[in-house]
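Residue-level structure breakdown
The residues making up each chain are set out below.
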Amino acid sequence: GAGVSQSPSNKVTEKGKDVELRCDPISGHTALYWYRQSLGQGLEFLIYFQGNSAPDKSGLPSDRFSAERTGGSVSTLTIQRTQQEDSAVYLCASRGYGTSDSEQYFGPGTRLTVT
Amino acid sequence: RKEVEQDPGPFNVPEGATVAFNCTYSNSASQSFFWYRQDCRKEPKLLMSVYSSGNEDGRFTAQLNRASQYISLLIRDSKLSDSATYLCVVKGGFQKLVFGTGTRLLVSP
């Protein structure tokens, strides 16, 4: 079946502009995660959605970052007033209900470049 | 100190060699451990879970040492296709996975 998809695959934006990154999880997966991976860095957890529960936003680096998940499916990560340090690959992952934490399936990522 | 630390490498080995990576973690309460593989400019994929008693999957063996808080991955009979970055992953609180920065492996003919 279809895996996790993300769009756009690449995004170049000017400093100060807002960007929206989209994630389509695997159908039926209740958990959705956003991570970012900067050059030479590990994956940094940003936010976690589980069903209808309040999201865990503890990883968001600043109030310029926000995310929502509509209808328990598609998620959008928004970065306002982008800065050069926001340049990274933003990865989305989803997990089915009842599966172990490790079974997160990752999308191909969105490569964001802030100029 | 990072929650999960790995030697970034790269480890350069010839085909057929045995290579081992270690990873240390700081949270002694961690309960779940994994190795993920990430190919260049691709997304991470689960390689194997790591169990307390150690576990093997073909040419791959994972070990956990809780007392010293380290995890290891051993690859026997390396193949060219094993070239990738290997991410050590520890389960944090509330369903979060904490990733190390990865160890890069290059297998040459």
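The coordinates are above.
Quick summary incoming for the structure in this document. (Residues numbered from 1 in each chain as written. Chains lettered and ligands numbered in written order. Predicted model: local features only at pLDDT ≥ 70, side-chain atom pairs only at ≥ 80, totals over all residues. Heavy atoms only, no water.)

Examining the environment of R76 of chain B
Residue and element names in this part refer to chain B. Its location among the elements puts R76 in the loop between β8 (70-75) and β9 (84-91). The exposure class assigned to R76 is partly exposed, which follows from its relative accessible area of 27%. Setting aside its immediate chain neighbours within four residues, R76 contacts A17, T18, E56, G58, R59, F60 and T61. A distance of 2.8 Å separates a polar side-chain atom of R76 from the backbone oxygen of G58. (Helix = DSSP H or I, 4+ residues; strand = E, 2+ residues; numbered from the N terminus. Buried < 20%, exposed > 50% of the residue type's maximum accessible area, 1.4 Å probe, protein only. Contact = heavy atoms within 4.5 Å. Polar contact = N/O pair within 3.5 Å; in protein donor to acceptor, adjacent residues only side chain to side chain.)

Here we look at the interface of chain A and chain B
Tallying the contact residues gives 21 residues for chain A and 17 residues for chain B. Carbon and sulfur atoms supply 53% of the area that chain A and chain B bury against each other, a total of about 1,500 Å² over both sides. Applying the counting rule to chain A against chain B returns one residue pair in polar contact (both at pLDDT 80 or more). Listing elements by their share of the side of chain A that touches chain B, those giving two or more residues are β4 (31-37), β5 (43-50) and β8 (88-95) of chain A. (Buried area = accessible area lost by both parts, 1.4 Å probe.)

A closer look at the sheet that holds β8 of chain B
Residue and element names in this part refer to chain B. The antiparallel open sheet is built from five strands, whose spatial order is β1-β3-β8-β7-β6. Unpaired on one side and paired on the other, β1 (4-6) and β6 (55-57) mark the two borders of the sheet. The average undirected angle you get between the axes of adjacent strands in this sheet is 20°. Here β1 runs beside strand β3 (residues 19-25); their pairing, made up of three bridges, is antiparallel. In the sheet register, V4 faces β3, and the bridge partner there is Y25. (Pairing = 2+ DSSP bridges. Axes fitted to C-alpha atoms, helices over the stretch in contact; angles between N-to-C directions.)

A word on the environment of G42 of chain A
Here G42 of chain A is to be found in the loop between β4 and β5. A C-alpha to C-alpha distance of 23 Å links G42 of chain A and T13 of chain A, two positions 29 residues apart in sequence. Among residues more than four places away in sequence, those in contact with G42 of chain A are R36 and Q37 of chain A together with G100 and T101 of chain B.

Some thoughts on the nonpolar core
By size, the foremost hydrophobic cluster in this structure holds 24 residues, and its most contacted members are F21, W35, I71, L73, I75, Y86 and L105 of chain B. Not counting the four nearest positions on each side in its chain, F21 of chain B is found in contact with F11, W35, I71, S72, L73, I75, Y86, T103 and L105 of chain B. One finds C23, F49, A67 and A88 of chain A within the second-largest nonpolar core, a separate group that totals 20 residues. (Core = buried A, V, L, I, M, F, W, Y, C linked by side-chain atoms within 4.5 Å.)

Observations regarding the packing of aromatic side chains
This model, assessed by the stated rule, comprises 11 aromatic pairs over all chains. Look at Y36 of chain B and F99 of chain B: their rings are 5.5 Å apart centre to centre, the planes differ by 65°, and that puts the pair in the edge-to-face class. With a gap of 63 residues between them, Y36 of chain B in strand β4 (residues 33-38) and F99 of chain B in strand β10 (residues 97-99) connect regions that are remote in the sequence. Judged by its relative accessible area of 0%, Y36 of chain B is buried. Among the aromatic residues, ring-to-ring pairing joins Y33, Y35, F45, Y48 and F106 of chain A together with Y36 and F99 of chain B into one connected group. (Phe/Tyr/Trp six-rings, centres within 6.5 Å; stacked < 30°, edge-to-face > 60°.)

Focus on the sheet that holds strand β1 (residues 5-7) of chain A
Residue and element names in this part refer to chain A. The sheet built from four strands is open, its strands ordered β1-β3-β7-β6 with antiparallel pairing. The open sheet has two free edges, formed respectively by β1 and β6 (65-69), since each of these has just one partner strand. Pairs of neighbouring strands in the sheet enclose a mean axial angle of 15°, with direction left out of account. Relative to strand β7 (residues 75-79), β6 is paired through five bridges, and the arrangement is antiparallel.

Thoughts on the side chain of T110 of chain A
Within the secondary structure layout, T110 of chain A lies in strand β10 (residues 110-114). A relative accessible area of 0% means that T110 of chain A is categorised as buried.

Structural notes on the state of the cysteines
With the rule as written, the count across this model stands at two disulfides over all chains. Each sulfur of the disulfide joining C23 of chain A and C92 of chain A lies 1.8 Å from the other. Its torsion about the S-S bond being -60°, the disulfide of C23 of chain A and C92 of chain A is classed as left-handed. Taken as a pair, C23 of chain A in strand β3 (residues 19-24) and C92 of chain A in strand β8 lie far apart in primary sequence, 69 residues in all. What makes C23 of chain A buried here is its relative accessible area of 0%. Judged by its relative accessible area of 0%, C92 of chain A is buried. A sulfur-sulfur distance of 2.0 Å marks the disulfide that ties C23 of chain B to C88 of chain B. (Disulfide = S-S within 2.5 Å.)

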